[in-house]
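Remarks on the overall topology
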Amino acid sequence: MWNLTMSEGTWLKGALHCHSKSSDGLLSPEDVARFYEGRGYKLLSITDHEKMTKLGSFKGVYVPGVEVSRGSCELGERYHILALGVEDPSIWSIHDAQSLIDHINGSGGLAFIAHPYWSNLTCKDLIALEGYLGIEIYNTGCDVEVAKGYSLPHWDSVLSLKKKIYGLAVDDVHRYIVPPIDADGGWIWINMDDLTVEGALNSLRAGKFYSSMGPKIVNFKYSSNSVFLESSPVNRLNLVAPNGRGISFSLDTINTLIGCWKKPETKKICENVIVNVEHICEGDKQTVYLETKKDRRFSIEYSNEGITRFEAKYDINYSYFRIEVIDEEGRYAWLNPVINP
């Protein structure tokens, strides 16, 4: 059983990729801290380019960080590597990407790969490295500036090859208040028992976080034959798995299916796939129960605002799967992947 419950423990909103005037950002380190404090963030890392930026105060957990460009990739670009929890200037002398990641890990820090799509990385590039936490699956700055913010195909390609990496949503903020706004667009929610730098690093290593652009995950439970999710209202829920497997439900799909099931001429077509559809209305709350010919059972609770509860019961024997939800504004939230033996 794999559980994630927002009602248990301390959850902090975190920004892990930010730039200040110390490299090429608009704001001073102190103003960066105030910017994120004012937006409810309790975990922050300023990751200036090739520079370890000191910060006087932050009303939360501040993790020292840096962004470095190293190595050579298949299409001629460099890896952009985020190092968290490291304040050792000896990293400047390391020019090989794998050696750098090894050094970061050996120093008690952790590393993740920035913006694979923007960096023109391939799956081969990501498979070539070992020991990194994950990749940026959403980068606000890369999205609003050059439309290369989402790296979801990179994530799924690597996961399909049975390499476990986490997905992180970040800002990579430089502009802050100058359009196009590249701030407060992607973040993580992290579950921490120990509100220290080491506590943050340990929770990241353990995957005790999820990424979001807006939607909130309230509860997630998984066993070998069931998946359960509660969230803020969303318009669509995707269970993504290898090679086109998985499932997707949206409000439009649910409403269309209910309508088709009520009409004899369209119900007959649906019965090629579906055994039964039960639709229950209780005021604003609606629940639909579906059973398919493959002995898969689903229950989805929703209202006019969106889907809030989803449960699937069947033999979930994918080598991996991950869940993402999308709200009416097109904003995503992503759970980290479940890896099966």
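Everything discussed here concerns the structure shown above.
In what follows, the accompanying structure is described. (Residues numbered from 1 in each chain as written. Predicted model: local features only at pLDDT ≥ 70, side-chain atom pairs only at ≥ 80, totals over all residues. Heavy atoms only, no water.)

Focus on the side chain of Glu311
Note on placement: Glu311 falls in strand E19 (residues 306–313). Here Glu311 falls in the buried class, since its relative accessible area comes to 19%. Not counting residues within four places of it along the chain, the set of residues in contact with Glu311 comprises Val227, Phe228, Arg297, Phe298 and Ser299. (Helix = DSSP H or I, 4+ residues; strand = E, 2+ residues; numbered from the N terminus. Buried < 20%, exposed > 50% of the residue type's maximum accessible area, 1.4 Å probe, protein only. Contact = heavy atoms within 4.5 Å.)

Focus on helix H7 (residues 251–261)
Along H7, the residues that are buried comprise Leu251, Ile254, Leu257, Ile258 and Trp261. Angular distribution of buried residues about the axis of H7 spans 135°; they occupy a single face of the element. (Arc of directions from axis to C-beta.)

Some points on the pattern of salt bridges
Per the stated rule, a full pass over the model turns up 16 salt bridges. Between Arg322 and Asp156 there is a salt bridge; the shortest N-O distance is 2.8 Å. In this pair, Arg322 is assigned in strand E20 (residues 320–326) and Asp156 in helix H5 (residues 152–160), connecting sequence segments 166 residues apart. Asp156 matches Arg322 in its accessibility class, with the two residues each being buried. One network of salt bridges, in which partners are shared, links Asp156, Arg322 and Glu324. (Salt bridge = Lys/Arg side-chain N within 4 Å of Asp/Glu carboxyl O.)

Details of the packing of aromatic side chains
One pass over the structure, following the stated rule, counts 15 aromatic pairs. Residues Trp11 and Tyr210 carry aromatic rings whose centres are separated by 6.1 Å and whose planes lie at 55° to one another, so their mutual orientation is tilted. With Trp11 in strand E2 (residues 10–18) and Tyr210 in strand E11 (residues 209–212), this residue pair connects regions lying 199 residues apart in the sequence. Taking 5.2 Å as the distance between ring centres and 75° as the angle between the ring planes, the aromatic pair formed by Phe35 and Tyr36 counts as edge-to-face. (Phe/Tyr/Trp six-rings, centres within 6.5 Å; stacked < 30°, edge-to-face > 60°.)

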